[in-house]
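This is what each chain is made of:
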Amino acid sequence: MDVHCSTCGEPWDVYYLWHDAVFDTEISYEEAKAWCSLPHAQRLTDRYREKFRAAGWEFGQGVVNVVRCPSCPKDAKPNLELVQTKAALEELLGDDEDGLAATFENHRL
Ligand SMILES: [Zn+2]
């Protein structure tokens, strides 16, 4: 399943976001491995958000909602309409990240 960056439109495979993107941050290999087995709700604490931001990532409530990605041009601004739509869907589907990813894919979000 692919979801798209709300800023540059780059498609990202959800599996990559869940299992691989964390290894491109400065988090140690062991910690990144441990991160992958955290419940989804605990994956974006302030500490991890900061690490991801340093690597070019910004997310909504979960990693499925990509607001900015490493492919974004430096000065690009997120598409606010997209950000709001995706935030609303995220609110609606809560912890069901699989369902959220499927919904984003169906609507090419
Ligand atoms: Zn992007």
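Cut-offs applied
- Residues numbered from 1 in each chain as written.
- Predicted model: local features only at pLDDT ≥ 70, side-chain atom pairs only at ≥ 80, totals over all residues.
- Heavy atoms only, no water.
- Core = buried A, V, L, I, M, F, W, Y, C linked by side-chain atoms within 4.5 Å.
- Buried < 20%, exposed > 50% of the residue type's maximum accessible area, 1.4 Å probe, protein only.
- Helix = DSSP H or I, 4+ residues; strand = E, 2+ residues; numbered from the N terminus.
- Contact = heavy atoms within 4.5 Å.
- Axes fitted to C-alpha atoms, helices over the stretch in contact; angles between N-to-C directions.
- Left-handed = near helix turned anticlockwise from the far one by under 90°.
- Nonpolar A, V, L, I, M, F, W, Y, C, P; charged D, E, K, R; others polar.

Visitor: Sorry if this is basic, but what is going on with the nonpolar core here?
Guide: Taken as a class, soluble globular proteins show a tendency for nonpolar side chains to be buried jointly. Judged by nonpolar contacts, the single largest core of 27 residues is most densely connected at Leu17, Phe52, Trp57, Phe59, Val64 and Val66. Mapped onto this core, the elements with two or more residues apiece are helix 1 (14-19), helix 2 (29-36), helix 3 (46-54) and helix 5 (97-106). Residues contacting phenylalanine 52, with those up to four places away along its chain left out, are Ala21, Val22, Thr25, Trp35, Leu44, Trp57 and Phe59.

Visitor: So what exactly am I meant to see when it comes to the packing of helix 4 (residues 80-93) against helix 5 here?
Guide: Packed helices, taken two at a time, are described by the angle between their axes plus the distance between the axes. Relative to each other, helix 4 and helix 5 sit at 145°, their axes nearing to 9 Å. Seen from above, helix 4 lies across helix 5 with right-handed handedness. Contacts between helix 4 and helix 5 involve Lys86, Leu89, Glu90 and Leu93 from the former and Gly99, Leu100, Thr103 and Phe104 from the latter. Considered class by class, the residues forming the contact of helix 4 with helix 5 number four nonpolar, two polar and two charged.

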